[in-house]
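# Structure assessment
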Amino acid sequence: MQQLVIKAFGDASQLKLVERESISLATNEIRVRMHFAGVNPVDAKTRAGLGWGAEAIKDKLPWAPGLEVMGTVLELGAEVNIYQPGDRVFGLLAGGGYSEQLVLPANALLRVPSSVSDETAAGLSLAGITAWQALTEHGLLKAGERVLISAAAGGVGHLAVQLAKDLGANVIALASAHNHEFLRSLGADEVLDYKDAAQLSALAPVDLLLDLVGGESGLGLLSRVKGGGRVVTVPTNTAEKVIAAATSLDLNATGMLKHNDNQQLAMLMQRVVEQKLRVEISHVYPLAEGELAHRQIETGHSRGKILLQG
Ligand SMILES: NC(=O)c1ccc[n+]([C@@H]2O[C@H](COP(=O)([O-])OP(=O)(O)OC[C@H]3O[C@@H](n4cnc5c(N)ncnc54)[C@H](OP(=O)(O)O)[C@@H]3O)[C@@H](O)[C@H]2O)c1
């Protein structure tokens, strides 16, 4: 079976398709044929040797990225009775999603409802769970509050806009002009161009800032948060800096690292089934073209999600 791996940290050209031996199944495991794997900024940062992801795998190269997947069950371990071959499954992984086949504990993934497309299921998990945990566990968002979401058209942002709206918040979304109509269609109450300083400075203060860009962008948006308001800064590499600046302004700021939670994932999928949550897929690349997918995610200007097709 083929797998897209890096043998050393570096640019996107480090991603190479290799032939790997199939692993035999333990009794509680399933073999899954990957149909789509999500591509996320953390995959590219880790490939480049940056952040907590690279630290965790630096002694485990070659390494296959991929933290979310959708596929069909191919084979069952002897004790697995919750699936049949052919069942459609999706969910979060510890890594290795950029593979034609995966071997996983049977309870690691969830079933894809029949009304949901393969692509939607593949793109939901990582961005969806991050958006949900950022808004609720960390941001403590309440109905009627004003939330400002940066990178609102991106993978996490476009789901956060819809979830925040569903939670009863007043949603202000930041994006380039070409994404404004898209964000209004997702329910954003106000849409601002983050490059327009006059628009930003005229914005009435918000209760919660969901900072999905970090660095200078996150620092610049702190002045838009009410005194005593809350900040969740999601990119981990600049979180310390943004939290320190927010704290000096008497804001309640936190960083976060998403955690796997299949109950939350099932709840998000239920929202998809009920058509309250829509996953936008902007680009799909064959597994063999992972390099192009990484170049696209590294532009920092993708709309919604990018997938690899197995
Ligand atoms: N801590 C965690 O657990 C966790 C989990 C998931 C993601 N993350 C991090 O969260 C960040 C967002 O992830 P993602 O998957 O949503 O990324 P993404 O899909 O690559 O985000 C792309 C979006 O960023 C927008 N953008 C770029 N520069 C901007 C700026 N200066 N101001 C406002 N928007 C800007 C772009 O908007 P336009 O095209 O409209 O310009 C584009 O729509 C990444 O840094 C990622 O690594 C962290």
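What you see is a predicted model; the values in this text were computed from it and never measured. (Residues numbered from 1 in each chain as written. Predicted model: local features only at pLDDT ≥ 70, side-chain atom pairs only at ≥ 80, totals over all residues. Heavy atoms only, no water.)

Moving on: the packing of helix α3 (residues 118-138) against helix α9 (residues 262-273). Relative to each other, α3 and α9 sit at 110 degrees, their axes nearing to 9 Å. Classed by the angle they form, the pair α3 and α9 counts as roughly perpendicular. Of the two possible hands of crossing, α3 and α9 adopt the one that is right-handed. For the pair α3 and α9, contact is made by Thr-120, Ala-121, Leu-124, Ser-125, Gly-128, Ile-129, Trp-132, Gln-133 and Glu-137 and by Gln-264, Leu-265, Met-267, Leu-268, Met-269, Arg-271 and Val-272, respectively. Residues of the contact of α3 with α9, tallied by class, amount to 9 nonpolar, 5 polar and 2 charged. (Axes fitted to C-alpha atoms, helices over the stretch in contact; angles between N-to-C directions. Helix = DSSP H or I, 4+ residues; strand = E, 2+ residues; numbered from the N terminus. Parallel < 35°, antiparallel > 145°, perpendicular 65-115°, else oblique. Left-handed = near helix turned anticlockwise from the far one by under 90°. Contact = heavy atoms within 4.5 Å. Nonpolar A, V, L, I, M, F, W, Y, C, P; charged D, E, K, R; others polar.)

Here we come to the sheet that holds strand β10 (residues 190-192). Taken together, the 6 strands give an open sheet; going across it, the order is β10-β9-β8-β11-β12-β13, and neighbouring strands pair in parallel fashion. At either margin of the open sheet sits one strand with a lone partner, and together these are β10 and β13 (252-254). For this sheet, the mean inter-axis angle between neighbouring strands, taken without regard to orientation, is 15 degrees. Across 3 bridges, the pairing between strand β8 (residues 146-149) and strand β11 (residues 206-211) is parallel. Note that in β11 the partner of Ile-149 across the bridge is Leu-210. (Pairing = 2+ DSSP bridges.)

A word on the side chain of Asp-43. Mapped onto the secondary structure, Asp-43 falls in helix α1 (residues 41-47). Despite being buried, Asp-43 has no salt bridge partner; Lys-305 is the closest side chain of opposite charge, sitting 7.5 Å away. Apart from the residues lying within four places of it in its own chain, the contact partners of Asp-43 are Gly-38, Trp-63, Pro-65, Gly-66, Leu-67, Tyr-98 and His-294. (Buried < 20%, exposed > 50% of the residue type's maximum accessible area, 1.4 Å probe, protein only. Lys, Arg positive; Asp, Glu negative; His and termini not counted. Salt bridge = Lys/Arg side-chain N within 4 Å of Asp/Glu carboxyl O.)

As a matter of local geometry, the ligand sits amid 25 residues, with Lys-45, Gly-155, Ser-176, Tyr-194 and Lys-258 nearest to it. Between an oxygen atom of the ligand and a main-chain N or O atom of Gly-154, the distance comes to 3.4 Å. In this structure, Gly-300 approaches the ligand through a main-chain N or O atom, which is 3.3 Å from an oxygen atom. Protein chains shield 88% of the accessible area of the ligand, which is 940 Å² for the free molecule. Secondary-structure elements contributing two or more residues to the shell around the ligand are α1, α3 and α4 (155-166). When its residues are assigned to classes, the shell around the ligand shows 13 nonpolar, 10 polar and 2 charged. (Near = heavy atom within 4 Å. Polar contact = N/O pair within 3.5 Å; in protein donor to acceptor, adjacent residues only side chain to side chain. Areas by Shrake-Rupley, 256 points an atom, 1.4 Å probe, with all protein chains shown as cover.)

Here we come to the environment of Tyr-194. Relative to the helices and strands, Tyr-194 resides in the loop between β10 and α6 (197-201). Residue classification places Tyr-194 among the partly exposed positions, given a relative accessible area of 35%. As a C-alpha pair, Tyr-194 and Gln-162 span 32 residues in sequence and 19 Å in three-dimensional space. Sequence-distant contacts of Tyr-194, defined by excluding residues within four places in its chain, comprise Leu-174, Ala-175, Ser-176, Leu-200 and His-301.

By domain assignment, the protein chain separates into domain 1 (2-112 + 280-309) and domain 2 (127-254). One C-alpha centre belongs to domain 1, the other to domain 2; they are set 29 Å apart. With 9 residues of domain 1 in contact, the opposing surface of domain 2 contributes 11 residues. Summed over both partners, the interface of domain 1 with domain 2 comes to about 790 Å²; 52% of that surface belongs to carbon and sulfur atoms. Here domain 1 is connected to domain 2 by 0 salt bridges. (Domains from an automatic or database assignment. Buried area = accessible area lost by both parts, 1.4 Å probe.)

Let us now look at the pairing of β11. Of all 6 residues making up β11, 6 are buried, and the element is well covered by its neighbours. As paired strands, β11 and strand β12 (residues 225-233) are joined by 5 bridges and run parallel to one another. By the bridge assignment for β12, Asp-211 is matched with Thr-233. The handedness of the β11 to β12 crossover, carried by helix α7 (residues 215-221), is right-handed. (Right-handed = clockwise from strand over helix to strand, strands pointing away.)

Glancing now at α4. Its 12 residues give α4 an end-to-end C-alpha distance of 18 Å, which sits within 8% of 16 Å, the value for a rise of 1.5 Å per residue. A large share of α4 lies buried, amounting to 10 of its 12 residues. Here α4 has its buried residues at Gly-155, Val-156, Gly-157, His-158, Leu-159, Ala-160, Val-161, Gln-162, Leu-163 and Ala-164. Once α4 finishes, Gly-168 follows within two positions and takes phi at roughly 90 degrees, a positive value. (Expected span 1.5 Å × (residues − 1).)

Moving on, we come to the pairing of β12. As paired strands, β12 and β13 are joined by 3 bridges and run parallel to one another. Its bridge partner lying in β13, Val-232 is registered against Thr-254. Tracing the backbone out of β12, into helix α8 (residues 239-248) and back to the parallel element β13 gives a crossover that is right-handed.

Within this structure, the stated rule accounts for 16 salt bridges. Salt-bridge contacts for Arg-47 lead to Glu-298; the nearest nitrogen and oxygen are separated by 2.8 Å. Pair noted here: Arg-47 is in helix α1 and Glu-298 is in the loop between α10 (290-297) and β15 (305-309), with a separation of 251 residues, a long-range link. Arg-47 gets classed as buried once you look at its relative accessible area, which sits at 2%. Put simply, Arg-295 and Glu-291 hold a salt bridge, and the shortest N to O gap is 2.8 Å. Of the two residues, Arg-295 and Glu-291 both sit in helix α10, 4 residues apart, roughly one turn of that helix. By relative accessible area, which is 29% here, Glu-291 ends up partly exposed. When salt bridges with common partners are traced through the structure, they connect Lys-142, Glu-145 and Arg-230 into a single cluster.

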